[in-house]
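In case you want the letters, here they are:
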Amino acid sequence: MPGAASVLAFLFLDPYKPVDIACFRSQSRIFMKIYFQDSLNFISKLRPLRIWNAVLVVSSYYLSRLFRRPIQWGLPFTISIEPTTACNLRCPECPSGLRAFTRPTGNLKADFFRKAIEEFHQRLLYLIFYFQGEPYINPKFLEMVKYAHQKGIYTITSTNGHFLNKENARETVLSGLDRLIISVDGTTQDTYENYRKGGKLEVVLQGARNIVAAKQELNARTPHIIFQFLVVRPNEHQISDIRQVAQEIGVDEVKLKTAQVYDYINGNPLIPENEAYARYARQVDGTYRVKNRLLNHCWKLWHSCVITWDGMVVPCCFDKDAQHRLGDLKKMPFQKIWKGTAYQAFRKRLFQGRDQIDICTNCTEGCTVWKD
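Conventions used here
- Residue numbers run consecutively from 1 along every chain, following the written order of its sequence.
- Per-residue local features of the predicted model are confined to residues with pLDDT of at least 70, and side-chain atom pairs are confined, for both listing and counting, to 80 or more; whole-chain, interface and lining totals are unaffected and use all residues.
- Where side-chain values are given, they derive from all heavy atoms of the structure, hydrogens and water being excluded.
- For this analysis, a salt bridge means a side-chain nitrogen from Lys or Arg found within 4 Å of a carboxyl oxygen belonging to Asp or Glu.
- Strands here are runs of E lasting at least two residues and helices are runs of H or I lasting at least four, both read from the DSSP assignment and numbered beginning at the N terminus.
- Buried, partly exposed and exposed residues are distinguished by accessible area as a fraction of the type maximum, computed with a 1.4 Å probe on protein chains only: under 20%, between the cut-offs, and over 50%, respectively.
- Patch membership requires over 30% relative accessible area and the absence of a salt bridge. Like charges are linked within 9 Å, and nonpolar side chains (Val, Leu, Ile, Met, Phe, Trp, Tyr) within 5 Å.
- Method for areas: the Shrake-Rupley scheme with a 1.4 Å probe, in which residue coverage is limited to the protein chains shown.
- In these notes, a set of buried Ala, Val, Leu, Ile, Met, Phe, Trp, Tyr and Cys residues joined through side-chain atoms within 4.5 Å is what counts as a nonpolar core.
- Contacts are assigned to residue pairs with any non-hydrogen atoms lying within 4.5 Å of each other.
- Strands qualify as paired when DSSP identifies two bridges or more between them.
- Two rings from Phe, Tyr or Trp (for Trp, the six-membered ring) form a pair when their centres are within 6.5 Å of each other. A pair whose planes differ by under 30 degrees is stacked, one over 60 is edge-to-face, and the rest are tilted.
- Two limits define a charge over a ring: the Lys NZ or Arg CZ must be within 6 Å of the ring centre, and within 35 degrees of the ring normal.
- Whether a crossover is right-handed comes down to one check: with the strands pointing away from the viewer, does the path from the first strand over the helix to the second run clockwise; if it does, it is right-handed.
- Confidence of the predictor in every single residue is expressed as pLDDT, which spans 0 to 100.

## Focus on the pattern of salt bridges
All chains considered together, the criterion is met by eleven salt bridges. Residue K45 is joined to D178 by a salt bridge in which the shortest nitrogen-to-oxygen separation is 3.7 Å. With K45 in the loop between α3 (36-44) and α4 (48-67) and D178 in the loop between α8 (166-175) and β4 (179-183), this pair connects stretches of sequence that are 133 residues apart. Accessibility expressed as a relative area gives 2% for D178, which makes it buried.

## Things to note about a nonpolar patch on the surface
The grouping of L49, I51, W52 and V55 at the surface amounts to a nonpolar patch, some 360 Å² of accessible area in total. Turning to its location among the elements, L49 is positioned in helix α4.

## Section: the nonpolar core
Judged by nonpolar contacts, the single largest core of 98 residues is most densely connected at F113, L127, F129, I182, F227, I307 and F334. A per-element tally of this core places helix α10 (residues 201-217) first, with seven residues. The contacts of L127, once residues within four sequence positions are left out, are I79, I81, F113, I117, A148, I153, Y154, T155 and I156.

## Quick word on the pairing of strand β9 (residues 304-307)
Neither face of β9 is exposed, since S304 and V306 on one face and C305 and I307 on the opposite face are all buried. Of the pairings in the sheet, the one linking strand β1 (residues 78-81) to β9 comprises four bridges and is parallel in character. Bridged to I79 within β9 is C305. Where β9 meets strand β10 (residues 312-314), two bridges bridge the pair, whose relative direction is antiparallel. Each bridged residue has a counterpart across the sheet, and for V306 the counterpart in β10 is V314. What sits between the antiparallel neighbours β9 and β10 is a turn of four residues, in which G311 has the positive phi angle 95 degrees.

## Digging into the packing of aromatic side chains
Within this structure, the stated rule accounts for 14 aromatic pairs. Pairing Y61 with Y62 gives two aromatic rings, centres 5.0 Å apart and planes at 65 degrees, and the pair type is edge-to-face. Classification of Y61 by relative accessible area gives buried; the value is 2%. Members of the aromatic cluster, each reached through a chain of ring pairs, are Y61, Y62, F77, W299, W302 and F351. Positioned above the aromatic ring of F318, the side-chain terminus of K320 is 5.6 Å from the ring centre. The ring centre of W302 lies 5.7 Å from the NZ or CZ of R347, which sits over that ring.

## Quick look at helix α7 (residues 141-150)
For an α-helix the count is 3.6 residues per turn, leaving residues at separations of three or four pointing the same way. Here α7 has its buried residues at F141, L142, M144, V145, Y147 and A148. Immediately beyond the C-terminal end of α7, within one or two residues, lies G152, with a positive phi of roughly 75 degrees.

## Regarding the pairing of strand β3 (residues 154-159)
Most of β3 sits out of view: six of its six residues are buried. Of the two faces of β3, the one lined by Y154, I156 and S158 and the one lined by T155, T157 and T159 are each fully buried. Bridge analysis of strand β2 (residues 126-129) against β3 gives four bridges, and the strand direction is parallel. Bridge pairing in β3 links I128 to I156. For the handedness criterion, the β-α-β arrangement of β2, α7 and β3 is classed as right-handed. Sheet topology places β3 next to β4; four bridges connect them, and they run parallel. Residue pairing for β4: T157 is matched across the bridge by L180. With respect to chirality, the unit in which β3 leads through α8 into the neighbouring parallel β4 is right-handed.

## Some details on the confidence of the model for the protein
For the protein, per-residue confidence averages 88 on the pLDDT scale, and residues scoring 70 or more make up 88% of the total. Segment residues 1-33: pLDDT under 50, and 51 contacts once partners within four positions in sequence are set aside and those in other chains are kept. Every residue in residues 366-372 is under pLDDT 50, and counting partners more than four places away or in other chains gives 28 contacts.

Structure follows, in C-alpha cells:
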C-alpha cells in the first residue's frame, strides 16, 4: 500500500497525463513492502467532511479544465505553512541559503498559527510545515506540530537534520509528527557539502539515529522517516550507497528528488549526467530545456496553497520570494482569500498561458523520482 502522499496521488491521478505502467507497478511493489503503517496512520485521520471537501475540490478542478475557466469548490486539502525563513546552511539553489529574499523574513508565531488552523483544519487532509528555511530554528515549531496533531491532521516537515539532538528527537516523536523528511544529499562529507554548504553529514546521520532511537524508546510508530536524496551531478554516483545507509540506520524510506536549478539553459554543474534524474533535457545544440511540457492548467491551484510565516497566501512552492501575493491572512479570512478575486484571476491566467507566469516557466510539478 502506498504512503499517505501516494494514496492521494493514486486517488487523484490525472487522466490527461500518460502513465508509465511498468513504473507504476514497480512503485506499487515498493509501497506494499514498507509503507503499510504510514498509510493506515493517514487513513485513520480521514473524516467525512475532509473526504467530501476533497471530492468538491477534484470535481471543480476537472470542470474548470473542461470549461476553461476557474470554478472553485471546497477548500484546499493540502497547505504548506512556513515556520521560518532562517537557515543554518547556504545551499546554492535556495533563497534561504543564499540569503536572497526581497520579502520580509522571520518566524511563524504560534498564536497566529493556531488562529489560522481553526479556519481550515476540519477540511485539511495534511499540513506541511515547510516552505523556505529550516523549521527547527523556530523555537515554537514542535509546539505548533503538536497543536495540529491534536486537531487530527496528518503532519509533515522537511529538515536538513542538523537540529535532531536527543532532546529534539524525543520531542519530535512526542509532538505526534507523522512524516519527517531529512535531506541527506551524499554519503561522504566531501560529496554532501558540494550542495549542503556548511553542513556536517555525521550530525545529520546521528540525528536520524536519534529519531529512530526515540521511536523505539517511546514505542511510537510515527514519524515515518524519509531520507530525501537530492540528485545532483556531484552525488549521483552514491544513490545505491544512500539506500544502504538508510537501511543500516533504520530509516523507513528513501526518496530521490530531482533538483531545480535557476540557471539551466546553458548547462549547470548540478544537472546530473544521468538524465533520468534531471528535470532538464539536453538539446542537440547543447542547451537545456525543462523536460515537462508546460500545460495551461495546474492542479496545485485547486488543492493546495502556501502560507508564509507572516501570513501571505501565495499560489505554490515555486513562488519562493512570495511575488504573487493573493491575500493576507492577518487581514481577511482564509475562505475569502481562497475564493476571492485575486485567486480566481490567477487561476484564469493559467488557462490563458502558463508561459506568461514567471514562477511557472521553471515548474516541473515536483519531478520526484520515487525509489527506495
